[in-house]
Amino acid sequence: MYVLIVPASAPFVLLATVMGLSWWEDHILPAPPAEPVEAPAEAPFVPAAPAQLLELPRVDTTLTREVAGR
């Protein structure tokens, strides 16, 4: 009978562990600063041009050196 208790209680033990870690994170760990000390003045990255995708060979194309070299 005790053999059935361990597998049946495993989800509750895991739930209690997650809830305990959540409480510990909220109450014990220091809170992050409200505002960063110095915000970076960098502009966001914008790609110069969209990437060009290679054209895939058609399914019925015979595999030649030209097609295989792409």
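Residues numbered from 1 in each chain as written. Predicted model: local features only at pLDDT ≥ 70, side-chain atom pairs only at ≥ 80, totals over all residues. Heavy atoms only, no water.

1. Observations concerning the overall build of the protein chain
Quick reminder of the rule: Numbering goes from the N terminus for both helices and strands, where a helix is a DSSP run of H or I of at least four residues and a strand is a run of E of at least two. Summary of the burial criterion: residues with accessible area below 20% of their type's maximum are buried, those above 50% are exposed, and those between are partly exposed, where the area comes from a 1.4 Å probe applied to protein chains only.
When you go through the protein chain residue by residue, the secondary structure sums to two helices and zero strands. Per-residue burial for the protein chain yields a buried fraction of 1% across its 70 residues.

2. With respect to a nonpolar patch on the surface
Operational definition: Only residues whose relative accessible area exceeds 30% and that form no salt bridge are eligible for patches; like-charged ones are grouped when within 9 Å, while nonpolar side chains (Val, Leu, Ile, Met, Phe, Trp, Tyr) are grouped when within 5 Å. With residues, only the protein chains shown are counted as cover, and all accessible areas are computed by Shrake-Rupley using a 1.4 Å probe. The term salt bridge refers to a pairing of a side-chain nitrogen on Lys or Arg with a carboxyl oxygen on Asp or Glu at a separation within 4 Å.
Together, Leu21, Trp23, Trp24, Ile28 and Leu29 make up a nonpolar patch on the protein surface, roughly 530 Å² of accessible area in all. Along the chain, tryptophan 24 falls in helix H1 (residues 2-27). Overall, the relative accessible area of 42% leaves tryptophan 24 in the partly exposed class.

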